[in-house]
Amino acid sequence: MADVVLDSVSQSYGARAVISDLSFTLPQGVIGCLLGPSGCGKTTALRAIAGFEPIQSGTIRVGGELMSRPGWMLPAEKRAIGMVFQDYALFPHLTVAENIAFGLARPAGRAARVAELLALVGLEAHAHSYPHQLSGGQQQRVALARALAPRPRVLLMDEPFSNLDVELRERLSLEVRDILRREATTALIVTHDQNEAFALADWIGVMHDGRIQQWDTPYRLYHEPANRFVADFVGQGVLLEGRVVNEHQVEIELGVLNGKIPVACAAQGCDACVRDCRVDVLIRPDDIIHDDASPLVAEVENKAFRGAEFLYTLRLPSGQRALSLVPSHHDHAIGEKIGIRLAVDHVIAFPRP
Amino acid sequence: MPQARPRTWRPDGWLALALAIAALVLIPVAVTLAAFAHPQAELLAHLAEFVLPELVANTLWLGAGVAVGVGVIGVSLAWLTAVCEFPGRRFFNWALLLPLALPAYVLGFVVIGLLDFSGPLQSALRAAFGPVVLPQIRSRFGVIVTLSLALYPYVYLIARNAFATQGAVALEAAQSLGHSRRAGFFRVALPMARPWIAAGVMLALMETLADFGTMAVFNYDTFTTAIYKAWFSLFSLPAAAQLASILIAFVLAMVVIEQRSRAAMRYGAVGRAAHTRRIRLSGASAVLASGWAGAVLTLAFIVPVTQLALWALPILGEDLDARYWGFFRHSLVLAGSGALLVVATSVLLAYAGRESRSPGMPWVQRVATLGYAFPGAVLAVGLYIPVAWLDNLLIDRFGAAAGVLKGSLVVMLLAYLVRFLAVGFGPVDSGLQRITRSIDDAARSLGHTLRTRLARVHLPMLRASLVTAATLTFVDIMKEMPITLMTRPFGWDTLAVRVFEMTSEGQWERAALPALAIVIAGIIPVMILTAHGDRAHG
């Protein structure tokens, strides 16, 4: 049992609250992720779990054991929590094998474990190289192997791929997910890159202003964002003006949307105004489908070629803008009017502020 | 995400330690300035009437002359080796640093020995042409030329870095805007490098103000020689202290200018070394460039070292005796223990900067490493007075047997520590910066305690820096003259002291042997410097 449980953890530097009232549970064997823009407090949360930062309220537990409370923390070196640092922090004076062996206190089985990890990260050929002789991606894997070697209860990763180029980033994140699965590691990753979060994590906590906005699966974060911040931060999309018809229906200028779940407006304590409540409705690019037969038309205002598809920015009759993903053989000129229709499964609506 | 640390000001143990180290610098300054608290009218009047006018005039002329000398030699050679291509450039690039190995006082006595009335040059001229009158070498001009040749590497080294990173690019930018190369140099490249050049010139001027040995050889009266005379001939501590306090005023002016230049360097730095094409000199200009670099190298290094060897060889048999090895041993022991003390203190000061959360720490570190600016003669006086006072206090309390400090190595080692702390601190601090916080955190998260972290991460990562710091300090102490001369306990004559004694009797041949030993030791830091430079510029 190595659940990571944060219970209303807060930390502030002077008057500035960095994390406030942070609570979540990361179950054993699950890969979690804290996702948010820079300055949202995610790195501080990670460092508090690692034992590098004290906390001012709440508790942090791992596997039921108390790690931190206000005024007390178990020293980082006693926590058995592994960490992969943003700059990797490899020891420059040690070889790859020596780096990996650094956390293995007992000589018994050390060589075998190092060999195992070298194989796991595919660096057998570089066991005796020094970090500066390796590429960025290889250094990253050494850092991962070094952190995994002592079989930590939890593995923390701070922006693990931010120093790598985009192509390598995608490949490595899949590799890392595979490695963490094979080691059955509970892991918590911090990143500002949602593609990275989606590729790696089972659960994602979107953070903003020191708080978790939503702790959920990637699918639900994208399709059922809990608030405007999450809707805006995760994925692409626009908010269109709408009016609530009833619990399951919202009218926007493109027609009436039928949701499978009650619209969020009602769920947010706005009982009295369900009918005719004015809301903003989240429309993702994949919610608007290009259809020449549709009576609804919109003007192409801008387009971005993505290979398999175009991302069109459309100007609706009212002047509002929306995005639409269209297979790329439908090549329309800017200024052209094209037919569209809606394909919305879940209606996500937020009360107009 | 930036790791903002709590910025609450809490005094801590590390800060107290750093303050104690900084106090070592402030004490001699305070002590010498305190000499004015008890002005001795008679003494002051004497100084003001007979001594000060000449000292001030000598110092100002010397400062102006050396500034121009090192500026012209240093900047011209830096530009040629950093931006141009001419025959021998690769060789001159590092060889022009060699004069750093030669203390100015050694160059000084070689110059006198060679060019004096009884020296080989004038003797040969007389033999060939009968009585000839050359300009007097023991003159203001002679000192200025000698010091310029000895100290230009400070400007050369630092200006070369500036030109290498921005010179050629600046020139190309100026040319693309329609300026000739010549205009580009004077209107863009030179003004851009001004902070670097100023810092180099200030370092050279600090060495000039601190210089004692050269002034003694040339009989050129400046503050350091006057302090020495007040100390040994007049036995007047107050006179020495008051002279020292005036010298400090000059020094502080240099420090302010130098620190400002350094601040400007930080903002003016434009990063990476540019891999632009060098300006290929040809024909007459190539010959001129090679000739100029060759002439400077010959006069500042090749001729003096050759002359030293010529002097030393014939008397090698008789002078390499037990006494010589005694000087040698004293030099090694003093330089060794001084270097250990400096490195240990540097480590403490560097860790204080790393661990302390006090916002004032960078300032404390800066003050603590300011001692390099203070002439050894000033430090000797400023540290001797409080130690003697402490000694008397002990004698009053515990009887005569307790007065052990004055006659011990304490004053000398403290003065070395203050003067050379910056030399040791530089490499140690930059070595420590490479052990980033995340490297420390990584070792912690892998289960290592403070003790094993120090042993298995910090020590191995710092080893090279510690060796560099110790070597640089060792050689600097070996070359040091005034502190050693003024504060050594009876019987502690070193190589540098021997050089001083032999040169003051005009026995150049006998001074040459210990001088050669010092020069050979001095080549080591030049090699370290060259290796660093090569790494920095690919």
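This structure is a prediction, so every number in the text was calculated from the model and none was measured. (Residues numbered from 1 in each chain as written. Chains lettered and ligands numbered in written order. Predicted model: local features only at pLDDT ≥ 70, side-chain atom pairs only at ≥ 80, totals over all residues.)

Observations regarding the overall build of chain A
Reasoning step 1: A tally of regular secondary structure across chain A gives nine helices and 21 strands.
Reasoning step 2: Taking all 353 residues of chain A together, the buried fraction comes to 44%.
Reasoning step 3: Expressed as a percentage of contacts within chain A between residues at least 6 apart in sequence, the contacts between residues at least 24 apart total 66%. (Helix = DSSP H or I, 4+ residues; strand = E, 2+ residues; numbered from the N terminus. Buried ≥ 20, exposed ≤ 12 C-beta atoms within 10 Å, placed from the backbone. Contact = placed C-beta atoms within 7 Å.)

A short note on the overall build of chain B
Reasoning step 1: Counting its regular elements, chain B contains 22 helices and two strands.
Reasoning step 2: Taken against the 2.2 N^0.38 rule, which gives 24 Å for 538 residues, the C-alpha radius of gyration of chain B at 25 Å falls within 12% of a compact globule.
Reasoning step 3: For chain B, with 538 residues in total, the buried portion stands at 46%.
Reasoning step 4: Long-range pairs, those at least 24 residues apart, make up 83% of the contacts in chain B between residues at least 6 apart in sequence. (Rg over C-alpha atoms; globule rule 2.2 N^0.38 Å.)

A closer look at helix α12 (residues 283–312) of chain B
Residues and elements named next belong to chain B.
Reasoning step 1: Between its first and last C-alpha, α12 extends 41 Å over 30 residues, near the 44 Å set by a 1.5 Å rise per residue.
Reasoning step 2: The largest bend along α12 reaches roughly 50° and is located at Thr298.
Reasoning step 3: Three or more residues of α12 are buried, namely Ala289, Ala293, Val296, Leu297, Ala300, Phe301, Pro304, Val305, Leu308, Trp311 and Ala312. (Expected span 1.5 Å × (residues − 1). Bend = angle between axes of the 7 residues up to and from the residue.)

Section: the environment of A:Phe198
Reasoning step 1: Topologically, A:Phe198 is positioned in helix α6 (residues 194–200).
Reasoning step 2: The spacing of A:Phe198 and A:Gly109 is 89 residues in sequence and 36 Å in space, taken between C-alpha atoms.

Overview of the environment of B:Val70
Residues and elements named next belong to chain B.
Reasoning step 1: Structurally, the position occupied by Val70 is in helix α2 (residues 41–83).
Reasoning step 2: Distance from Val70 to Tyr152, taken between C-alpha atoms, is 4.4 Å for residues 82 residues apart in sequence.
Reasoning step 3: Discounting chain neighbours no more than four positions away, the residues touching Val70 are Ser148, Leu151, Tyr152, Tyr154, Val155, Val201 and Ala204.

Some thoughts on the pairing of strand β17 (residues 297–305) of chain A
Across a regular strand the side chains alternate sides, sitting on one face of the sheet and then on the other.
Residues and elements named next belong to chain A.
Reasoning step 1: In the sheet, β17 pairs with strand β20 (residues 337–342) via three bridges, with the strands oriented antiparallel. Across the sheet, Val297 pairs through a bridge with Gly339, a residue of β20.
Reasoning step 2: Relative to strand β18 (residues 309–315), β17 runs antiparallel, the two sharing six bridges. By the bridge assignment for β18, Glu299 is matched with Arg315.
Reasoning step 3: Between β17 and the antiparallel strand that follows it, β18, lie three residues; Gly307 among them carries a positive phi value of about 95°. (Pairing = 2+ DSSP bridges.)

A look at the sheet that holds β18(A)
All names here are of chain A.
Reasoning step 1: Strand order in this open sheet of five strands is β16-β20-β17-β18-β19, and the pairing throughout is antiparallel. Of all the strands in the sheet, just β16 (288–290) and β19 (321–327) have a single pairing partner and so form its edges. Neighbouring strand axes in the sheet, compared pairwise and without regard to direction, differ in orientation by 50° on average. (Axes fitted to C-alpha atoms, helices over the stretch in contact; angles between N-to-C directions.)

So, the domain arrangement of chain B
Residues and elements named next belong to chain B.
Reasoning step 1: By domain assignment, chain B separates into domain 1 (41–310) and domain 2 (320–504).
Reasoning step 2: Domain 1 and domain 2 are separated by 27 Å when their C-alpha centres are compared.
Reasoning step 3: Where the side of domain 1 that touches domain 2 is concerned, the elements lending two or more residues are α4 (104–115), α8 (194–210), α9 (213–218), α10 (223–232) and α11 (237–268).
Reasoning step 4: Broken down by element, the side of domain 1 that touches domain 2 gets its largest block of residues, nine residues, from α11.
Reasoning step 5: Of the residues contributing to the side of domain 1 that touches domain 2, the split by class is 22 nonpolar, two polar and no charged. (Domains from an automatic or database assignment. Nonpolar A, V, L, I, M, F, W, Y, C, P; charged D, E, K, R; others polar.)

Points about the interface of chain B and chain A
Reasoning step 1: The partner chain A presents 22 residues to the 18 residues of chain B that form the contact.
Reasoning step 2: Of all elements in the fold, only α18 (437–445) and α19 (450–479) of chain B reach the threshold of two or more residues within the side of chain B that touches chain A.
Reasoning step 3: If one sorts the elements of the side of chain B that touches chain A by residue count, α18(B) sits on top with six residues.
Reasoning step 4: In terms of residue class, the side of chain B that touches chain A is made up of nine nonpolar, six polar and three charged.

What to know about the pairing of strand β14 (residues 255–258) of chain A
Residues and elements named next belong to chain A.
Reasoning step 1: Pairing analysis gives four bridges linking strand β13 (residues 249–252) to β14, with the strands arranged antiparallel. Bridge pairing in β14 places Val250 opposite Leu257.
Reasoning step 2: Count of turn residues in the β13/β14 antiparallel hairpin: two residues.

What about the sheet that holds strand β7 (residues 81–84) of chain A?
Pairing between the strands of a sheet comes from backbone hydrogen bonds, and it takes one of two forms, parallel or antiparallel.
All names here are of chain A.
Reasoning step 1: One open sheet holds the six strands; their spatial order is β7-β8-β9-β3-β10-β11, and the pairing between them is mixed. The open sheet is flanked by β7 and β11 (211–216), the only strands paired with a single partner. Each strand of the sheet is rotated relative to its neighbour by a mean of 20°, with strand direction disregarded.
Reasoning step 2: Two strands pair when backbone bridges link them, and strand β3 (residues 31–35) and strand β10 (residues 203–208) are joined in this way by four bridges, in the parallel orientation. Paired with Cys33 across the two strands is Ile204, which belongs to β10.

A look at helix α5 (residues 166–182) of chain A
Residues and elements named next belong to chain A.
Reasoning step 1: Between its first and last C-alpha, α5 extends 25 Å over 17 residues, near the 24 Å set by a 1.5 Å rise per residue.
Reasoning step 2: All buried positions along α5 are accounted for by Leu172, Ser173, Val176, Ile179 and Leu180. One side of α5 carries all its buried residues, which in axial view fall inside an arc of 130°. The exposed set on the far side of α5, more than 90 degrees from its buried face, consists of Glu167, Leu174, Asp178, Arg181 and Arg182.
Reasoning step 3: Where α5 is buried, its residues meet β3, α3 (110–120), α4 (136–148), β8 (154–158), β9 (187–191) and α6. (Arc of directions from axis to C-beta.)

Observations regarding the confidence of the model for chain B
Residue and element names in this part refer to chain B.
Reasoning step 1: Of the residues in chain B, 93% have a pLDDT of 70 or more, and the chain-wide mean is 85.
Reasoning step 2: Mean pLDDT per element in chain B: helix α13 (residues 316–319) is the minimum at 78, and α12 is the maximum at 93.
Reasoning step 3: Scored below 50 in pLDDT, residues 1–9 makes twelve contacts in the model with residues more than four places away or belonging to other chains.
Reasoning step 4: Overall, residues 534–538 carries pLDDT values under 50, and its contacts beyond four positions in sequence, including any with other chains, amount to two contacts.
Reasoning step 5: Scoring the predicted complex yields pTM 0.81 and, for the interface, ipTM 0.81. (pLDDT = per-residue confidence, 0-100.)

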